[in-house]
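Breakdown of the fold
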Amino acid sequence: MVQTNSRSAAPVPALPDAALSADGLVKVYRGGKRALDGISLSVPRGSFFGLLGPNGAGKSTFINILAGLVLKSSGTVRVWDRDLDRDPRGAKAAIGVVPQELNLDAFFTPRELLDVQAGMYGVPKSERRTMEILDIVGLADKADSYARTLSGGMRRRLLVAKAMVHNPPILVLDEPTAGVDIELRQHLWEAIRGMNEQGTTILLTTHYLEEAEQLCDRIAIINQGRLAALDTTANLLKRIDGKALLVTLDRDLDAVPTALIPFAPELRAGRKMVIRYRPSAVPVGRILDAITAAGLSIADLTTEETDLEDIFLQLTSSRSA
Ligand SMILES: Nc1ncnc2c1ncn2[C@@H]1O[C@H](COP(=O)(O)OP(=O)(O)OP(=O)(O)O)[C@@H](O)[C@H]1O
């Protein structure tokens, strides 16, 4: 699709609505492992998109196909509106991939590494933004230190910088914070959030569900090579109609009182009882009345909302697989 710029009348390519899209994507590895079993999804331009799933779900396979590191078996992939089969170079130019492993040449400095990478992507010297990029990831003061002297978190940020040298509109991060301590994780996220605010589409896989819940505006959950859920983070969190009521009682219980059996409470040490319920079906007042009817007094009471972890477990447990 081409729009016309009214002032210069030069054609300006319209920005795609979807930064990335996959349709019926299948990957069968040699030996027969079906790592992706027909994934169709679309990552809106400008989004902060989380790709979640248990170990072996197919996340890295998906990302590596996008990055041109693994060949798909069938299906189509479009990166920034470029078909991966018809225009692999165009697709590659639109994407920056931060790999899982810290594969940096220890005897280069960050400045040298970015220059080499820019050369590989054919970025002319006049258009290189080496120092600007190092500044974005908070490594400007380390521009001339050898990579081997950098901490794990700094190396991770250097990999992000490396993925940005050709100024791709899409940044893909595979488990970027694995093994990075909390403070450095915060630094990394600040840098990536900043890039997203400037318009870069972010696709990330992470094992930290809390991190995904805080950062991502959309989430896809894959399980055994199939899409188990795809929605905005807010909708996903709304999806499970479930709460837990944590009650501390005034005395110990050996058995669940008859009046409470319909609510299937779980008795815990310390006079605690947990009742899981669906707010749309069971008003909390009915549970409290039943507790009183059982002759019990409540010493303390809290409720817990569902979080992404509950949803993830429900969608990826062996029962639903
Ligand atoms: N090169 C390969 N040859 C054969 N099987 C493979 C290969 N790479 C991955 N697999 C298998 O494909 C499945 C998906 O693996 P993949 O690495 O994509 O999952 P993942 O979701 O990224 O898992 P993790 O979180 O553990 O990295 C797994 O069963 C894995 O063992």
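In case you missed it, the structure is sitting above this.
Let me sum up the structure you'll find in this document. (Residues numbered from 1 in each chain as written. Predicted model: local features only at pLDDT ≥ 70, side-chain atom pairs only at ≥ 80, totals over all residues. Heavy atoms only, no water.)

Helix length check: helix 5 (residues 152-164), at 13 residues, gives a terminal C-alpha distance of 19 Å against a target of 18 Å (1.5 Å per residue), a fit within 8%. Along helix 5, the residues classified as buried are Gly 153, Arg 156, Arg 157, Leu 158, Leu 159, Val 160, Ala 161, Lys 162, Ala 163 and Met 164. (Helix = DSSP H or I, 4+ residues; strand = E, 2+ residues; numbered from the N terminus. Expected span 1.5 Å × (residues − 1). Buried < 20%, exposed > 50% of the residue type's maximum accessible area, 1.4 Å probe, protein only.)

Let us look at the side chain of Thr 206. Positionally, Thr 206 belongs in the loop between strand 10 (201-205) and helix 7 (209-215). Side chain to side chain, Thr 206 and Glu 211 meet in a polar contact 3.3 Å long. Among all residues touching Thr 206, those that are not within four sequence positions of it are Leu 51, Leu 52, Glu 175, Thr 177, Glu 211 and Ala 212. (Polar contact = N/O pair within 3.5 Å; in protein donor to acceptor, adjacent residues only side chain to side chain. Contact = heavy atoms within 4.5 Å.)

A separate point is the pattern of salt bridges. Overall, the coordinates contain 11 salt bridges when judged by the stated rule. With a shortest N-O distance of 4.0 Å, Asp 83 and Arg 78 are connected by a salt bridge. Given a relative accessible area of 31%, Arg 78 falls into the partly exposed group. Overlapping salt bridges, with partners in common, bring together Arg 34, Asp 37 and Arg 226 in one network. (Salt bridge = Lys/Arg side-chain N within 4 Å of Asp/Glu carboxyl O.)

Let us look at the sheet that holds strand 3 (residues 18-28). The 4 strands lie next to each other as 4-3-6-7, forming an open sheet whose pairing is antiparallel. Each edge of the open sheet is held by one strand with a lone partner, namely strand 4 (34-44) and strand 7 (82-83). (Pairing = 2+ DSSP bridges.)

Taken together, the neighbourhood of the ligand is formed by Tyr 29, Lys 33, Ala 35, Pro 54, Asn 55, Gly 56, Ala 57, Gly 58, Lys 59, Ser 60, Thr 61 and His 207. Within the side chain of Thr 61, an N or O atom sits 2.5 Å from an oxygen atom of the ligand. Contact with the protein chains removes 62% of the 630 Å² of surface that the ligand exposes when unbound. For the shell around the ligand, the element with the highest residue contribution is helix 1 (residues 59-66), accounting for 3 residues. (Near = heavy atom within 4 Å. Areas by Shrake-Rupley, 256 points an atom, 1.4 Å probe, with all protein chains shown as cover.)

What follows is about empty space enclosed by the protein. Tallying each qualifying case throughout the model produces 1 cavity of 30 Å³ or more. Along its surface, the largest cavity is lined by Ala 118, Val 123, Arg 128, Arg 129, Thr 130, Ile 133 and Val 165. Class assignment of the residues belonging to the lining of the largest cavity gives a composition of 4 nonpolar, 1 polar and 2 charged. (1 Å grid on protein atoms, 1.4 Å probe; cavity = no way out; pocket = protein on both sides within 12 Å on 5 of 7 lines; lining within 4 Å. Points joined across faces, edges and corners; volume = space filled by probe spheres on them. Nonpolar A, V, L, I, M, F, W, Y, C, P; charged D, E, K, R; others polar.)

Even without a glycine there, the phi angle at Asn 167 is positive, about 55 degrees. Note that Asn 167 resides in the loop between helix 5 and strand 9 (170-174). Even without being a glycine, Ala 264 presents a positive backbone phi close to 45 degrees. Checked against the element boundaries, Ala 264 lands in the loop between strand 13 (243-249) and strand 14 (266-268). For Ala 264, a relative accessible area of 58% translates into the label exposed.

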